[in-house]
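Observations on chain architecture
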Amino acid sequence: MTTLAAPTRVRTRAPGKINVFLSVGALQDDGYHDVATAYQAVSLYEDVTAEPADDFSVTFTGPIDTSNVPVDESNLAIRAARLVADAAGHQGGVRLTIDKQVPVAGGMGGGSADAAATLLAVDTLWGTALGREELLRLAAQLGADVPFAFAGGTAVGTGRGDELSPALAKGEFHWVLALSDDGLSTPAVYRALDEHRERYRADIAPAPSHPVVESNVLQALRAGDPDLLADCVHNDLQAPAMRLQPGLASTLELGEKAGALAGLVSGSGPTVAFLVGDRDAALELQVELSAAGLVALRATGPVHGARVVH
């Protein structure tokens with residue numbers, strides 16, 4: 001009988017995401033909000049390399065500025081690794097190297113993708129074999145977007161976004177992402193939304209008590225029709241994100257004038273996601289935005305969730 005040697009290096013990959021629809025409920029007593037969102041995983045990835053070590057550490061590579069990302073025990077990837085170690089009773093640590101392609105504090109779930117990829121990486125490296133359902137359970141402990149980064153594809157998220165139901169999506173959607181020089185704090189964006197609702201509650205519709213993803217969004221995804229989807233993309237966090245970063249308005253206007261079918265702030269921002277009809281249109285819009293001095297990337301969706309790549 002042959003026993004396979006434990007790997008000495010594992011590389012995994014998890015995707016960033018776009019919230020093509022996001023409805024935010026009222027502020028709850030626990031300080032959180034119920035949401036209903038339609039997630040789409042897109043081809044902008046975080047790659048995590050895990051190697052055995054005595055303790056837990058993380059370093060970053062890639063084109064994204066990570067100077068403000070903590071590398072101590074508060075780092076989401078280190079927290080993910082420790083969760084697996086605790087759940088499996090594993091002794092020892094891991095050295096993590098993360099090649100970042102998803103913007104930091106950009107509303108695309110880069111930190112969540114780090115955590116999702118790490119869960120799979122250390123489970124594979126250590127041979128703990130916790131299984132998909134247990135890893136998803138651990139993912140939900142790390143943050144609302146982590147289970148989706150692990151699962152990938154297209155899904156409806158409810159509760160805090162971590163209660164997932166797969167959604168059918170036909171074909172491939174093409175996106176152009178306009179990045180911002182400065183990130184936005186997700187809690188700050190939610191606070192701005194709550195403050196706006198409180199200040200203007202006599203003039204605007206109240207926050208939904210049970211937010212839902214509208215049926216036309218799901219129909220557009222199921223049909224694989226970017227024109228249909230363009231008519232119904234929505235994000236309740238877009239307006240507060242724009243109040244915190246007023247320049248987002250000109251970015252949205254520029255992209256839509258340059259031919260995008262629709263534009264919206266992704267998640268809590270400040271990345272702006274533009275939906276286009278096909279690959280050629282994506283390239284043309286990327287060129288237009290780059291010529292205007294913006295950092296613009298192309299991506300497609302839906303793509304797979306966390307997986308081992310090496």
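Keep in mind it's a predicted model, so treat the numbers as computed, not measured.

**A few points about the packing of helix α1 (residues 76–88) against helix α2 (residues 110–126)**
With their axes 8 Å apart at the nearest point, α1 and α2 run at an angle of 35° to one another. In terms of crossing hand, the pair formed by α1 and α2 is right-handed. Contact residues: α1 offers L76, A77, A80, A81, V84 and A85, while α2 offers G111, S112, D114, A115, T118, L119, V122, D123 and W126.

**With respect to α2**
Taking 1.5 Å per residue as the helical rise, α2 with its 17 residues ought to reach 24 Å, and the 24 Å between its terminal C-alpha atoms agrees with that figure. Across the 17 residues of α2, 15 count as buried, placing the element largely inside the fold. Directly after α2, the chain includes G127, whose backbone phi takes a positive value near 65°.

**Comments concerning the UniProt feature "domain: GHMP kinase C-terminal" (unreviewed entry) in the protein chain**
When the UniProt feature table is mapped onto this chain numbering, "domain: GHMP kinase C-terminal" (unreviewed entry) sits at residues 218–292. Secondary structure content for residues 218–292 is 56% helix and 15% strand, and the end C-alpha separation is 34 Å.

**A short note on the side chain of R197**
By secondary structure assignment, the location of R197 is in helix α5 (residues 186–199). Other than its neighbours up to four places away in sequence, R197 contacts V24, G25, A26, I204, A207, P208 and D236.

**Focus on the environment of A169**
Within the secondary structure, A169 is located in the loop between β6 (163–166) and β7 (173–179). The exposure class assigned to A169 is partly exposed, which follows from its relative accessible area of 28%. Between the alpha carbons of A169 and Q245 there is a distance of 32 Å; along the sequence they are 76 residues apart. With near-sequence residues (within four places) excluded, A169 lies in contact with T154, L221, R222 and P302.

**Topic: the sheet that holds strand β11 (residues 295–301)**
A sheet is described by the order of its strands in space; here four strands give the open sequence β9-β10-β7-β11, paired in antiparallel fashion. This sheet does not close on itself; its edge strands, each paired only once, are β9 (262–265) and β11. Within this sheet the neighbouring strands show an average axis-to-axis angle of 25°, counted without direction. Relative to strand β10 (residues 272–276), β9 runs antiparallel, the two sharing four bridges. Its bridge partner lying in β10, L264 is registered against A273. Strand contacts of helix α10 (residues 279–291): β7, β10 and β11, with the helix running at about 160° to β11, the strand carrying the most contacts.

Reading guide: rules and limits
Residues numbered from 1 in each chain as written. Predicted model: local features only at pLDDT ≥ 70, side-chain atom pairs only at ≥ 80, totals over all residues. Heavy atoms only, no water. Axes fitted to C-alpha atoms, helices over the stretch in contact; angles between N-to-C directions. Helix = DSSP H or I, 4+ residues; strand = E, 2+ residues; numbered from the N terminus. Left-handed = near helix turned anticlockwise from the far one by under 90°. Contact = heavy atoms within 4.5 Å. Expected span 1.5 Å × (residues − 1). Buried < 20%, exposed > 50% of the residue type's maximum accessible area, 1.4 Å probe, protein only. UniProt positions renumbered as here; feature names shortened; annotations may be inferred. Pairing = 2+ DSSP bridges.

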